[in-house]
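The lines below spell out each chain.
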Amino acid sequence: MSFIRKPLCQACGTPMLVALDQEPLCPACQEPLTASSLSRTRAVGLYRGALAEMIKAYKHGDRLDLVPRLASWMLASGKDLMDQAKDEPEAPLLVPIPLHWRRQLKRRYNQAALLASAIAKTSGAPLCQDVLIRQHFVASQKGQSADQRFANLYGAFGLREKRRALIKGRRIILVDDVRTTGATLQAAAEPLIEAGARQVDALVIALVPAPSSSYLASESRQKDDDASQFDAPIQD
Ligand SMILES: [Zn+2]
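Student: Give a description of the overall build of the protein that names residues and reports values.
Tutor: Tallying secondary structure elements over the protein gives 10 helices and six strands in all. Burial status across the protein gives 36% buried among its 236 residues. Once local pairs closer than 6 in sequence are excluded, the contacts in the protein between residues at least 24 apart make up 75%.

Student: So what's going on with the pairing of strand β6 (residues 199–207)? Which residues, and what values?
Tutor: Among the nine residues in β6, eight count as buried, and that is most of the element. Of the strand pairs in this sheet, strand β5 (residues 171–179) and β6 are connected by eight bridges, and their pairing is parallel. Each bridged residue has a counterpart across the sheet, and for Leu-174 the counterpart in β6 is Ala-202. Chirality of the crossover, the property in question, places the unit of β5, helix α9 (residues 183–194) and β6 among those that are right-handed.

Student: Outline unusual backbone geometry, supporting the account with residue identities and numerical values.
Tutor: With omega at 0°, the peptide bond leading from Lys-6 into Pro-7 counts as cis. Mapped onto the fold, Pro-7 is located in the segment before α1 (27–30). One non-glycine residue, Asp-62, adopts positive backbone phi at about 55°. Structurally, Asp-62 is set in the loop between α2 (49–60) and α3 (67–77). With 11 C-beta atoms packed within 10 Å, Asp-62 lands in the exposed category.

Student: Residue-level account of the pairing of strand β2 (residues 93–96), with values.
Tutor: Side chains Leu-93 and Val-95 of β2 all project onto a buried face; the interleaved residues Leu-94 and Pro-96 project onto the opposite face, where all are buried too. The pairing of β2 with β5 spans four bridges and is parallel. The residue bridging Leu-93 from the neighbouring strand is Ile-172, located in β5.

Student: Got a sec to walk through the sheet that holds β5? Specific residues and values, please.
Tutor: On the basis of which strands lie adjacent, the open sheet formed by four strands has the order β1-β6-β5-β2 and parallel pairing. Strands with a single pairing partner mark the edges of an open sheet, and in this sheet they are β1 (38–46) and β2. Between one strand axis and the next, the sheet turns through 25° on average, direction left out of account. With six bridges connecting them, β1 and β6 associate as parallel partners. Counterpart to Arg-42 in the pairing with β6 is Leu-203. Across the sheet, α2 lies against β1, β5 and β6, angled at about 100° from β6, the strand it touches most. The strands touched by α9 are β1, β5 and β6; relative to β5, the strand with the most contacts, the crossing angle is about 165°.

Cut-offs and rules
Residues numbered from 1 in each chain as written. Predicted model: local features only at pLDDT ≥ 70, side-chain atom pairs only at ≥ 80, totals over all residues. Helix = DSSP H or I, 4+ residues; strand = E, 2+ residues; numbered from the N terminus. Buried ≥ 20, exposed ≤ 12 C-beta atoms within 10 Å, placed from the backbone. Contact = placed C-beta atoms within 7 Å. Pairing = 2+ DSSP bridges. Right-handed = clockwise from strand over helix to strand, strands pointing away. Axes fitted to C-alpha atoms, helices over the stretch in contact; angles between N-to-C directions.

See below:
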């Protein structure tokens, strides 16, 4: 089992080889173009080996008996998120990522919601299950690029109007099983920030590491180069 240990990127939670200073950021998170409204992500481990097998068994093999163990690991890995900061008027609120009703019908349970309620039960942290609604159905994103995923998920989540007052001024901890590119968490964070949440963090079981930690950064630089070529006046 490859548990994530420090040093890790303070933003996306990816493990790093060396700690550069007090609050290191990985190259992808240092790139201003990828700066997101999601503040911090914490994960138990990388999506590989025994941890990946456990997640597959939980999601697709009805192994609900794994919930208490996974939730206690998440609680340990997310300690710095779970603690209420001195300047925070209220404890952060746990919000699971909802499944689209079509998918939930097929799977019969929402894996993120079960984890969130186990975490809430153990830690005493407040939980609200029905803050977000899934506005459109997104087919399986397997094999799609990060850019495609972000585009597919744009506007995928909305806020339940009756929860607006609960969100305002509060720090939210989104709970999900796996972070692949971060597109889902990002899409879920957007309506919360819009509704006045003071900060949105995320707690997941596992991170799928980017092909290289600077993957997104180099990709967006590439696009900038293309754009400047396009805009450049034709010389001859
Ligand atoms: Zn990072």
